[in-house]
Amino acid sequence: MSTLPFSERAPQDLSSRAVYVYGAMVAAGLGYFLLDLPVQVTDSYGNMVQAQQGTLWDLIYREFYQRAYLRPLLWAHIRVLLDLAGNSYFWTFRGWHVAQVALLIALFLAVVRPRGATAAAAVPVGLAALVGMHTFAGTIREAFPVNTFMTILLCCYGAAAISLGPPRWWRDAAAFLLFVFAALTVESGLLVWVVFVAAWMVGARGVSRWGIVAQCLLLAGYFYLRFVVLEVGAPGLEERSSGYGFSSRNPADLIASFGGNPLPFYAYNVVSSVLTIFFGEPRAGVWITVRDAMTRQEYVTATSVLALACTLGTLVIVGYVWRRRREWLARRFDRGDQIVFVFFGVTAANAVISYPYTKDVIMSPAGIFFAAALTVALGDLLRKAQTAPLVPAMASGALVMALSTAWAVAAVAAHYGLRYAAVQTRAEWAYVDAWFEREHQVVSEPSALAMKRRLQDEAVRLHPMRPPLQGDWIEWLEGN
Amino acid sequence: MTATGGAGRSLLLWLAALPPALATVGVLWFSGSELAGRTPFSIGPPANIAEAAGLGSGAEVLRLLRAGHDPYVVLPIRREIISSTVTKASAVEAAVWSRRVQLVELLVREGALADPQQRHHVLCLSRDVGVGDIVEYLGKTDSAPCESGSAQAAVQARSAP
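Residues numbered from 1 in each chain as written. Chains lettered and ligands numbered in written order. Predicted model: local features only at pLDDT ≥ 70, side-chain atom pairs only at ≥ 80, totals over all residues. Heavy atoms only, no water.

A. Quick peek at the state of the cysteines. Residues and elements named next belong to chain A. All told, the structure shown has 1 disulfide over all chains when counted by the stated rule. Just so you know, Cys-156 is unpaired, no disulfide at all, and the nearest cysteine sulfur is the one on Cys-155, 6.9 Å from it. In this structure Cys-216 is not part of a disulfide, and its nearest cysteine sulfur, from Cys-156, lies 16 Å away. Taking the relative accessible area as the measure of exposure, Cys-216 reaches 35% and is therefore partly exposed. (Disulfide = S-S within 2.5 Å. Buried < 20%, exposed > 50% of the residue type's maximum accessible area, 1.4 Å probe, protein only.)

B. A look at the domain arrangement of chain B. With domains assigned, chain B is organised as domain 1 (1–42) and domain 2 (49–159). Taken over C-alpha atoms, the centre of domain 1 of chain B sits 45 Å from the centre of domain 2 of chain B. (Domains from an automatic or database assignment.)

C. Spatial organisation of the nonpolar core. Residues and elements named next belong to chain A. Of all hydrophobic cores here, the largest spans 120 residues; its most connected members are Phe-108, Tyr-157, Phe-369 and Trp-407. A per-element tally of this core places helix α18 (residues 364–386) first, with 14 residues. In contact with Tyr-157, other than residues within four places in its own chain, are Leu-104, Leu-107, Phe-108, Val-111, Leu-130, Ile-368, Phe-369, Ala-371 and Ala-372. (Core = buried A, V, L, I, M, F, W, Y, C linked by side-chain atoms within 4.5 Å. Helix = DSSP H or I, 4+ residues; strand = E, 2+ residues; numbered from the N terminus. Contact = heavy atoms within 4.5 Å.)

D. Quick look at the environment of A:Ala51. All names here are of chain A. Here Ala-51 lies in helix α2 (residues 45–51). On the basis of relative accessibility, which here comes to 0%, the residue Ala-51 falls in the buried class. C-alpha separation for the pair Ala-51 and Ala-293, spaced 242 residues apart in sequence, amounts to 45 Å. Not counting residues within four places of it along the chain, the set of residues in contact with Ala-51 comprises Leu-59, Trp-75, Ile-78, Arg-79 and Leu-82.

E. A look at the pattern of salt bridges. All names here are of chain A. This model, assessed by the stated rule, comprises 24 salt bridges over all chains. With a closest N to O distance of 3.2 Å, Arg-383 and Asp-380 form a salt bridge. Remark: Asp-380 and Arg-383 occur in helix α18; sequence separation between them is 3 residues, near one turn of the helix. Given the relative accessible area of 27%, Arg-383 is considered partly exposed. Note that Asp-380 is salt-bridged to Lys-384, the shortest N-O span being 3.6 Å. (Salt bridge = Lys/Arg side-chain N within 4 Å of Asp/Glu carboxyl O.)

F. Up close: the interface of chain A and chain B. Chain A puts 48 residues into the contact, and the matching count from chain B is 43 residues. At the junction of chain A and chain B, the tally comes to 3 salt bridges. Where A:Glu437 meets B:Arg109, a salt bridge forms, and the shortest distance between an N and an O atom there is 3.1 Å. Contributions of two or more residues to the side of chain A that touches chain B are made by α1 (14–34), α6 (117–132), α18, α19 (390–430), α20 (432–438) and α21 (446–462) of chain A. The greatest single-element share of the side of chain A that touches chain B, amounting to 13 residues, is contributed by α19(A). Class assignment for the residues of the side of chain A that touches chain B results in 31 nonpolar, 10 polar and 7 charged. (Nonpolar A, V, L, I, M, F, W, Y, C, P; charged D, E, K, R; others polar.)

In structure tokens, the structure reads:
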């Protein structure tokens, strides 16, 4: 059984250590751009005001009795940070976001654990896919004021790291706690169960058989609590806008089109969610690249480059599965196989739970496992290409070059997206009073008013706007 | 013949690693330059409140207003911000060329257009420049006539070298 180039042992050689330095560089670059992003008005300020009401325990108790959503620990997370923040919201919430991103990159490296120069050479592409994937953008450009999706990404990679390690009693306990935390944070937290079970199915024994039984009981308990005890229910068509075909449709349109029988719409959402991971299209249910090409004759856009990156990545992953088919059929899985299999499992489950509406960021758990699977598959491709005849080796080289360049562009676009979001967020704070008037919202509570003034001051005066970027390629990136 | 061997092997690994590694180095170089006070791919920060208004940056205008900058003072504006014919204007005038009614609303909200004469001048300038949203907004409280083209001509005459 092959265990190269992704090993269960700790990395020993220089190139394996170098990837950790490289990971720190990626985290530093992303962290710099994240620290330019003020706390948002929309989706953040209102949540912060709500989270500061009453005691922490009151807040958690209240959130167990909401309609459609069961997210008590999401609110507890916000409240704890608010209590820690005092009067410094920017540094607390932005600092926490940067720490989360750094931890995610560390977990990525802990999961793929490359060994040797060949596997290490795949890591920059994997990290570019991690941060450049369109599903990742919503985990860094927005916050509520804690980005819940990012929290779940950490839980999912954490679950993979626990599963793929050697059996230990504490891993069962950690898996138990991780499930409870993730499931009570947001609905997509249930995907940690998928990670544990998928990894176990292909021989990962970090979590024991009894640990997996406990996970299944927890999952059943979650559904019983949600639908029988608390009667929280699930969101319907009236909750959100969603993409369909070449445009986004508001809830009224969706009800008019699918109110009688929503199943075709749900099926569209599930299929779209799978396709967006493998091919970078559709985006939030909308076929943007196809639309731009057909109606505007725009072929080389930021979205089409991302679609190319995803498609080439899929090609590399499918090639890996094909090369490993005999081992897979004989159920001989190494660590790399386990990562790729978990990617397929998470993508399928992630798409299914996205049935009510599609949004890129909802598929972010599948997106981060795409990055991990791509790193494994590319490392294997590089290893095979080194011993291949010249012509196949050159074909592999051309594929690798195109893949690597496309993901490099996507990674740069992700950073620019943060700068763009920072400009938009500062504008929101500048015009916040007009926005409240349009929304017919009146802020009268003294503590809420003080918080608004402080957040505006942080966004406008204490952390002022950076000089605007200009140039043709900047305009090109804005299409992402 | 295989790709095995030092050069072929290294080339393949470099093909994989180099583009994203260069992107990361580029991001770090950009970050370092900005921390050192120079933002690449930029014409630099607005030099004054009029430039901020011309760029349509509500956040920067608000910051400078609250820091005590005068929105009526005529200031030099780099030609790449509005145009080569508008290089000297006040913040309230430059806001018209940003074509953002939100920015004019912000100036009103912050008391920067409390002077009826200035407000009327900005209304006439909006008519000359053809910014319907701003004309509609300011026209709600000002129905006095404007001499067509004179407000814009005044700003451009002042900007002439």
